[in-house]
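If you want the building blocks of each chain, they are given just below.
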Amino acid sequence: MNQTKRVSRRKLLKAAGLVAIGAGATTLAACAAPAAGPGGSSGPVVLKGATINWLGGAWSFLPELDPVIDAFAKDWGTQNGVTINFTRESTNLGAKIQTAIETGQGANIIQLADAPAQYGKSLADVSTVAEALSAEGGGYLPAGTFQCNDGSRWIAVPLGQHNWFMNYRQDWFKEAGYDKFPDNFDDLLVAGTKLKAAGHPFGWTMGDKAGGDGNAAPYIMLWAFGGKEFNPDGSIALDSKETLAALDYFIKFHKQAGDPDEIAYDDGANNTAFNQGKISLTANVNTIYLPAKKNFPAVAEGMNHAVPPKGPAGRFGACTLPWWGILNKTTGANLDAAKAYIRDFFAIKNLSKFYQAGQGYILPVLPKYETEPIWPSDPKLAIAKEMFKLALPAGYNLKNQSKLSSLMQTKLVVGKMFAAAATSGDPRKALDGALKDISDLKVLA
Amino acid sequence: MASPSSQNRTTGAFVSRLFYRESTLGPILLSPGFIFLIVMMAYPFVYAVYLSFTDKESGGPANFTGLENFQKLFSYGPYGRTVINSIVYTVFALALKFLGGLGLASILNRPFVGQRYVKALMLLPWIMPTVFSTMIWQWILAPGFSVANIILVEKLHIFSENLPFLRDERFAMASLIGINIWRGLPFFGITFLAAIQGVSVEILEAAKIDGASPWVAFWRVTFPIIQPIVMVVVLISTIGTIGDFDLPFLLTRGGPNDATSLFSLLSYQLTFGSGRIGLGAAVTMTMFPLLTALIVASLIMVRRRQQND
Amino acid sequence: MTTNPAVRKALKALPFYLLLGAVLLFLLFPFYWGFVTSLKSENDVYNFTGNFLIPERPSLSNYDLVLTKRGYFTWFANTFSVSLISTVISTGISVMAGFAIARLRFRGAALAGTLIFVTYLAPRGFLFVPLALILRDIGILGQISSLYLTYPTFLIPFATWLLSGYFTNVPREPEECAQVDGASRIGAIVRITLPMAMPGIITAGIFAFTASWNELLYSIAFVNGEANRMLTSGVLGAFTAGDFLIYGPMMAAATLASLPIALLYVMFTDRFVSGITAGATKG
């Protein structure tokens, strides 16, 4: 009985997804709130009485986002007779997730930004949901597939991507003679040397203290010089003259242009330094600019955003991708409800509100959003639209995110390598250290 | 003979005998704690020991793999650093808390204005929740806006450039040790003080009459008397220090470059960060011999000192 | 001038007071800095010009922010009740066990004492996964009551060990006299020995309460739901996550959260210290 219902539900979802290619949000709305119309009878019967326990971090960077999630959940839960409980934890979230995985209690849906590959054994197959959403939105960008598909199935659904913009003090750059943000890394170094001499150093987050910035900022530099962590076959590609060139560059950058503390920044340090007028450049999402508009109007006035500069290998943006996944101890009606809930909330019509509330903080991973009214109206954040197709996640040269790649991000191996180079002045030694770190992590992968 | 009342009396007598005889009252009083610890600690403990010999990953089954986890650990770079860090951290923090505690006790042993309030205030670092005191230290040492640097460099000009408190590997470890000392010193000082004040005045007077200098009198007369208390405090602190988790977890996350990774943190990161539950348990397993060695060593050192004198 | 004996005395004492001052500065500066920060507005927090050690425009707005934060009083009440209940359970069990080990001759007493102390060595993370499974099987995982069972795992071993040391030093004669006068053994223990052991029991209780108040792992992992949140996780979540450490309110919250524990110690410092030292002399 239950089994047949689940099958029919799955078929329904698939059908909805296929139809959605043409019909867009209308079909989805029917799927989302079948109780509303007289025709939608099969959906709510299955879901009614189900419970979804949701576990993730709070969107403390931008508190406006949580209410969007909550508001939708409340409506959706009422319409479908499903109870949705939210638990948001900022400290020890990992311990809480492991508890849920081991005991099968406490969480059905989890929200994380670490690579889902790390939880691969514990995540349910959400291919039907992801494929339906992909079809609706014009096919996931490579970053989304890379992050959430393990090569054979979708183990998570991408919620969006954070992009690291160049945050810079336009006013100070002007004083130093730059009307435009430098287009390549060589010019950037020249500008930084001048600005540091004028008392406005750059602050590029490197090192192994920043879990967010530290997994984006270093890659922008590494990739621009042609360095890569992996070959597509999964072997390590970090040991290259391109990596050494990037390290070489950062040694000069740190010495001539950088804030000495940039190699010890945690996630908040660059924000504070920038908003307190200590640094003139850093890589960050919009969480410097938005608070500045509120609390430090002079900084907000003087700053702007830019795409990262070009290097010998081209221009690269870096992103991290938060996702929602379903723990595989979730079964029966709860599983159906969890899938239906993600499917419905992630529909363009609903998720747009989420993106819009973020004002560029979190961007879509589906191309169809390009024409949706989700983009920030503030001209200083207009860059978001340019960045959303440019940015790549750590490890991107692989076909799919691997556990090793994910562990390298957790341990911030690449950022640590840059920091070590700046400290010792010896790129080769720093690279060898990173290779040793990677071979250590292979023990765990 | 078996009238109801005498039956009652016999039962009553039996019960009161149970509660009178030491051979039965002992186990009765011990049983709640014992049962609790069997269910909530001994069983989990044995289970965790078992896990350390398995390839248990989060969400997966536990297959017995013998000593494989330990072999893996010994070839895992951060593990070696963690062992060394933990030893350095524990030895330095303990030695300095011990000496500092004796010093603090001798300062407090002298009467001065406001002594009572000073004693109460002094305990603050020890009693404040570590989570919050660590946040304050983070704010004192934070890169960029370190008030410690601003005072030492910009205001007092003691140093010519900012100290890399959390940036440099050695400074980070030194900062961690310093905060551990800060947190533990009051406890050492106050308990040592109470112990010193418990030493009878006559004995000290006798030593003085014999012409012993205060230094000699302390080590030859006072210290042997307070030594049991010193041992207990050192023991408690050794266990707490080698297993310290909150401080590196909240302040440095084990960095930079694993320079402040300690046993509990590594175990936590492997278990919850990487989902390697078996391996995380194995890390803790290897902490026990070291902990035992440190405890035995500190006991022997204190005993030997006493015998030599 | 230097012949004035009062001045000479003061000069002689000067190095001592300087030393005392230096020690106090090291121990107390962090609190002062935390407190000063808690009185500053967000814009002043990072302002290190002028006399930044004394707030120019002290304001209680951070305290206002913390206290009006949705849930703050719930977190506080949760932490308080869990700490109190765990303390009562642990201390009660430990008094019985500690007394038995220290005062009663029965087979296995020494072994039991050693085993209980050995369990104290197990770090929290080590027992984590099995404990979670036990709590699930009992059916209380996710509820606040799971903490009543998990906190004593790290409270009982230490308290038992401390109390058994203390009981060893409480003289036996009064208890024996009371029995000669006709009191039952249990009655003599409760009426005579326990009151004499009160400093030790208070010490064990304070230790237990403080350790519960500070707990950060179990209280987050084993309990679900906003209504069950504890102070430590609530404050960390509200004021530290994300890009910014919001230091002003954070320091206000830290000050407020430490007050109850500080009061506890101010009330009991002398007894607390005598409890440790008396228990330790034969520990």
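The structure displayed is predicted, hence computed values, not measured ones. (Residues numbered from 1 in each chain as written. Chains lettered and ligands numbered in written order. Predicted model: local features only at pLDDT ≥ 70, side-chain atom pairs only at ≥ 80, totals over all residues.)

Caption draft 1: Focus on the overall build of chain B. In terms of regular secondary structure, chain B is built from 14 helices and zero strands. When its helices and strands are written in sequence order, chain B yields α-α-α-α-α-α-α-α-α-α-α-α-α-α. At 26 Å, chain B has a C-alpha radius of gyration far larger than the 19 Å of a compact globule built from 309 residues. Once the C-alpha set of chain B is aligned to its principal axes, its extents read approximately 95 × 70 × 40 Å. Scored against the burial criterion, the 309 residues of chain B give a buried share of 47%. (Helix = DSSP H or I, 4+ residues; strand = E, 2+ residues; numbered from the N terminus. Rg over C-alpha atoms; globule rule 2.2 N^0.38 Å. Buried ≥ 20, exposed ≤ 12 C-beta atoms within 10 Å, placed from the backbone.)

Caption draft 2: Structural detail: the overall build of chain A. When you go through chain A residue by residue, the secondary structure sums to 20 helices and 13 strands. Counting all 445 residues of chain A, 58% fall into the buried class. Relative to all contacts within chain A whose residues are 6 or more apart in sequence, the contacts with residues 24 or more apart total 79%. (Contact = placed C-beta atoms within 7 Å.)

Caption draft 3: Structural detail: the interface of chain A and chain C. Taken together, the 24 residues of chain A in the interface contact 23 residues of chain C. Broken down by secondary-structure element, the contributors of at least two residues to the side of chain A that touches chain C are β2 (83-88), α5 (93-103) and α12 (269-275) of chain A. Looking at which element gives the most residues to the side of chain A that touches chain C, the answer is α5 of chain A, with five residues. Within the side of chain A that touches chain C, the residues separate by chemical class into three nonpolar, 17 polar and four charged. (Nonpolar A, V, L, I, M, F, W, Y, C, P; charged D, E, K, R; others polar.)

Caption draft 4: Highlighting the interface of chain C and chain B. Contacts between chain C and chain B engage 73 residues on the former and 73 residues on the latter. By residue number, the principal contributor to the side of chain C that touches chain B is helix α12 (residues 247-280) of chain C, which donates 16 residues. A per-class count over the side of chain C that touches chain B returns 52 nonpolar, 18 polar and three charged.

Caption draft 5: Structural context of the sheet that holds strand β11 (residues 317-320) of chain A. All names here are of chain A. Spatially, β5-β11-β13 is the arrangement adopted by the three strands of the open sheet, whose pairing is mixed. On the outer flanks of this sheet lie β5 (162-163) and β13 (391-392), each paired with one strand and no other. Pairing of β11 with β13 involves two bridges; the strand directions are parallel. Looking at β13, one finds that alanine 318 is bridged to leucine 392. (Pairing = 2+ DSSP bridges.)

Caption draft 6: Broad picture of the packing of helix α9 (residues 185-197) of chain A against helix α11 (residues 241-256) of chain A. Residue and element names in this part refer to chain A. Across the interface, α9 lies against α11 with an axial gap of 9 Å and an inter-helix angle of 20°. Comparing their axes, α11 and α9 come out roughly parallel. Our pair here, α9 against α11, has a crossing hand that is left-handed. In contact with Phe185, Leu189, Gly192, Thr193 and Lys196 of α9, α11 contributes Tyr249, Lys252, Phe253 and Gln256. Residue composition of the contact of α9 with α11, grouped by class: four nonpolar, three polar and two charged. (Axes fitted to C-alpha atoms, helices over the stretch in contact; angles between N-to-C directions. Parallel < 35°, antiparallel > 145°, perpendicular 65-115°, else oblique. Left-handed = near helix turned anticlockwise from the far one by under 90°.)

Caption draft 7: Up close: the environment of valine 299 of chain A. Residues and elements named next belong to chain A. Relative to the helices and strands, valine 299 is located in helix α14 (residues 297-302). You can call valine 299 buried: it has 20 C-beta atoms within 10 Å. The spacing of valine 299 and glutamine 276 is 23 residues in sequence and 8.2 Å in space, taken between C-alpha atoms. Each residue touching valine 299, except ones within four places of it in the same chain, is listed here: Asn275, Gly277 and Ala292.

Caption draft 8: Fine view of the domain arrangement of chain A. Residues and elements named next belong to chain A. Each assigned domain of chain A is listed here: domain 1 (2-161 + 321-380) and domain 2 (163-319 + 411-444). Listed per partner, the contact involves ten residues of domain 1 and nine residues of domain 2. Residue composition of the side of domain 1 that touches domain 2, by class: six nonpolar, three polar and one charged. (Domains from an automatic or database assignment.)

Caption draft 9: Expanded view of the pairing of strand β12 (residues 323-326) of chain A. Residue and element names in this part refer to chain A. Across the two faces of β12 the burial is the same, with Trp323 and Gly325 and Trp324 and Ile326 all buried. The pairing of strand β3 (residues 109-112) with β12 spans four bridges and is classified as antiparallel. Residue leucine 112 lies in a different strand from β12, and its bridge partner there is tryptophan 323. Across two bridges, strand β4 (residues 157-158) lies against β12 in antiparallel orientation. By the bridge assignment, proline 158 is partnered in β12 with tryptophan 323.

Caption draft 10: Structural view of the nonpolar core. In this structure, Val157, Ile220 and Phe250 of chain A are the most contacted members of the largest nonpolar core, which totals 304 residues. Sort the elements by how many residues they give to this core and helix α9 (residues 169-197) of chain B lands first, with 14 residues. If near-sequence neighbours (up to four positions away) are discounted, phenylalanine 250 of chain A is found in contact with Met221, Phe418, Ala421 and Ala422 of chain A. (Core = buried A, V, L, I, M, F, W, Y, C linked by C-beta atoms within 7 Å.)

Caption draft 11: Broad picture of the sheet that holds strand β8 (residues 303-306) of chain A. Residues and elements named next belong to chain A. Strand order in the open sheet formed by three strands is β7-β6-β8, and the pairing between neighbours is antiparallel. Edge positions in the sheet fall to β7 (281-284) and β8, since each has one partner strand and no second. Across the sheet, the mean angle from the axis of one strand to that of its neighbour is 30°, orientation sign disregarded. Pairing of strand β6 (residues 165-169) with β7, which is carried by four bridges, proceeds in the antiparallel orientation. Counted as the bridge partner of phenylalanine 165 is asparagine 284 from β7.

Caption draft 12: Region of interest: the confidence of the model for chain A. Mean pLDDT over chain A: 88, with 90% of residues reaching 70 or higher. Below pLDDT 50 for its whole length, residues 1-45 of chain A participates in 57 contacts with residues either more than four positions away or in separate chains. (pLDDT = per-residue confidence, 0-100.)

Caption draft 13: Region of the structure containing unusual backbone geometry. Positive phi, close to 50°, is recorded for glutamine 359 of chain A, a residue that is not glycine. In this structure, glutamine 359 of chain A sits in the loop between α16 (348-358) and α17 (383-387). Under the C-beta neighbour-count criterion, glutamine 359 of chain A is labelled partly exposed, with 19 such atoms within 10 Å. The residue arginine 253 of chain B is not glycine, and still its phi comes out positive at about 55°. Mapped onto the secondary structure, arginine 253 of chain B falls in the loop between α12 (246-251) and α13 (263-273).

Caption draft 14: α11 of chain A, seen in detail. Taking 1.5 Å of rise per residue, the 16 residues of α11 of chain A would be expected to cover 22 Å, and the 22 Å separating its terminal C-alpha atoms lies within 8% of that figure. Restricting attention to buried positions, one finds in α11 of chain A the residues Thr243, Ala246, Leu247, Tyr249, Phe250, Ile251, Phe253 and His254 of chain A. (Expected span 1.5 Å × (residues − 1).)

Caption draft 15: Quick look at the environment of glycine 12 of chain B. All names here are of chain B. Here glycine 12 lies in helix α1 (residues 4-20). Take glycine 12: there are 10 C-beta atoms within 10 Å of it, and that puts it in the exposed class. Considering only alpha carbons, one finds glycine 12 and leucine 262, 250 residues apart in sequence, at a separation of 56 Å.

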